[in-house]
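The chain contents come next:
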Amino acid sequence: MKKYIAEFIGTMWLVLGGCGAAVLDAAFPNLGIGFLGVALAFGLTVLTGVYAFGHISGGHFNPAVSIGLWAGGRFAGKEVVPYIISQVLGGILGAAILYVIATGKSDFTSIGDFASNGYGAHSPGGYNMAACLICEIVMTFMFVMVIMGATHKKASGAFAGVAIGLALTLIHLISIPVTNTSVNPARSLAPAIFQGDWAMGQVWLFWLAPIVGAILAGGVYKWLLPNNIPEPETLEPHA
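This one's a predicted model, so the numbers in the text were calculated from it and none came from an experiment.

Reading the values: rules and limits
- Residues numbered from 1 in each chain as written.
- Predicted model: local features only at pLDDT ≥ 70, side-chain atom pairs only at ≥ 80, totals over all residues.
- Heavy atoms only, no water.
- Helix = DSSP H or I, 4+ residues; strand = E, 2+ residues; numbered from the N terminus.
- Buried < 20%, exposed > 50% of the residue type's maximum accessible area, 1.4 Å probe, protein only.
- Patch = residues over 30% accessible without salt bridge, like charges linked within 9 Å, V, L, I, M, F, W, Y side chains within 5 Å.
- Areas by Shrake-Rupley, 256 points an atom, 1.4 Å probe, with all protein chains shown as cover.
- Salt bridge = Lys/Arg side-chain N within 4 Å of Asp/Glu carboxyl O.
- Phe/Tyr/Trp six-rings, centres within 6.5 Å; stacked < 30°, edge-to-face > 60°.

A.B. asks: Can you explain unusual backbone geometry? Please cite residues and give values.
C.D. replies: Residues other than glycine predominantly adopt negative phi, and peptide bonds predominantly adopt the trans conformation. Within the chain, Asn180 stands out as a residue other than glycine whose phi angle is a positive 75°. Assignment of secondary structure puts Asn180 in the loop between helix 6 (160–179) and helix 7 (185–195). A positive phi is found at Val183, a non-glycine position, where the angle reads about 50°. Among the structural elements, Val183 can be located in the loop between helix 6 and helix 7. Accessibility expressed as a relative area gives 1% for Val183, which makes it buried.

See the structure below:
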């Protein structure tokens with residue numbers, strides 16, 4: 001169970017840190033961190049989480065990543081569902097902690113969008129559903145491609161966490177105005193549960209698009225790899 005607990009804690013940290021920066025800090029009067037600060041927060045949660053838990057569970061913290069690594073032959077199929085369950089539950093805990101903190105403000109009136117992902121009227125920049133779908137597929141595709149490359153045994157493993165964290169930061173800098181950036185179904189579902197209005201009706205896109213992008217990335221990266229460079233061993237249960 002240790003690797004599942006690591007995924008649970010790591011995904012909790014990602015949602016609390018990334019969504020927390022968006023909810024508590026982004027628009028703070030005169031001192032708000034804006035889009036750049038939120039992008040850095042998401043990147044830093046993944047970077048720190050990978051170094052904290054990567055040697056235990058692989059540091060996925062994202063159902064799309066687990067599915068993409070499986071599609072690329074780098075993750076055991078029997079582990080995909082337990083990992084996703086751990087990630088979803090961890091994300092919900094992170095959102096619950098954030099909800100308690102956010103609603104504890106003395107002048108609290110409404111939770112607002114609660115860092116939820118959306119399209120159409122609920123896209124930060126008013127982008128339509130097709131644009132948001134394409135954006136999430138492409139951003140997740142590139143995120144999983146970076147993960148596949150950075151964690152390959154021919155790459156410099158000590159810097160994998162840095163590459164992955166910076167990739168997620170860049171992805172947020174590109175796509176926050178479009179969808180508020182998901183590339184992670186667990187990150188999307190968790191705040192949507194507490195948003196309590198429109199978010200649950202749109203969360204389907206932020207499961208579908210990242211999973212499609214991740215499967216494409218896993219297959220493409222596996223195809224790109226030269227035949228004389230073997231893949232790392234598939235992660236198997238060890239706890």
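A.B. asks: Lay out a nonpolar patch on the surface with the relevant residues and their values.
C.D. replies: Taken together, the side chains of Leu36, Leu40, Leu44, Leu170, Leu173 and Ile174 present a nonpolar region at the surface, about 550 Å² in accessible area. Contributions of two or more residues to the nonpolar patch are made by helix 2 (34–57) and helix 6. Here Leu44 lies in helix 2.

A.B. asks: I'd like to hear about the environment of Val212, residue by residue, with values.
C.D. replies: Relative to the assigned elements, Val212 resides in helix 9 (residues 205–224). Expressed as a C-alpha distance, the spacing of Val212 and Glu136, which sit 76 residues apart in the sequence, is 9.2 Å.

A.B. asks: Quick rundown of the packing of aromatic side chains? Include the residues and the values.
C.D. replies: The geometry of an aromatic ring pair is captured by two quantities: the separation of the ring centres and the angle between the planes. On inspection of all chains with the given rule, the structure shows seven aromatic pairs. Between Tyr99 and Phe194 the ring centres are 5.6 Å apart and the planes differ by 35°, which places this aromatic pair in the tilted class. Here the residue Tyr99 occupies a position in helix 4 (residues 80–102), and Phe194 occupies one in helix 7, the gap between them amounting to 95 residues. Residue classification places Tyr99 among the partly exposed positions, given a relative accessible area of 31%. Summarising the aromatic geometry, the rings of Tyr119 and Trp204 are spaced 6.1 Å apart at their centres and angled 75° between planes, so their arrangement reads as edge-to-face. In this pair, Tyr119 sits in the loop between helix 4 and helix 5 (129–150) while Trp204 sits in the loop between helix 8 (199–202) and helix 9, placing the two residues 85 residues apart along the sequence. Given the relative accessible area of 40%, Trp204 is considered partly exposed. Put simply, the rings of Tyr4, Phe75 and Tyr83 touch in pairs and so form one group of aromatic residues.

A.B. asks: Any details on the environment of Arg74? Residues and values, ideally.
C.D. replies: Looking at the secondary structure, you find Arg74 in the loop between helix 3 (63–71) and helix 4. Look at Arg74 and you get buried, because its relative accessible area is 8%. In the structure, Arg74 is positioned 75 residues away from Gly149 in sequence and 11 Å away in space, judged by C-alpha atoms.

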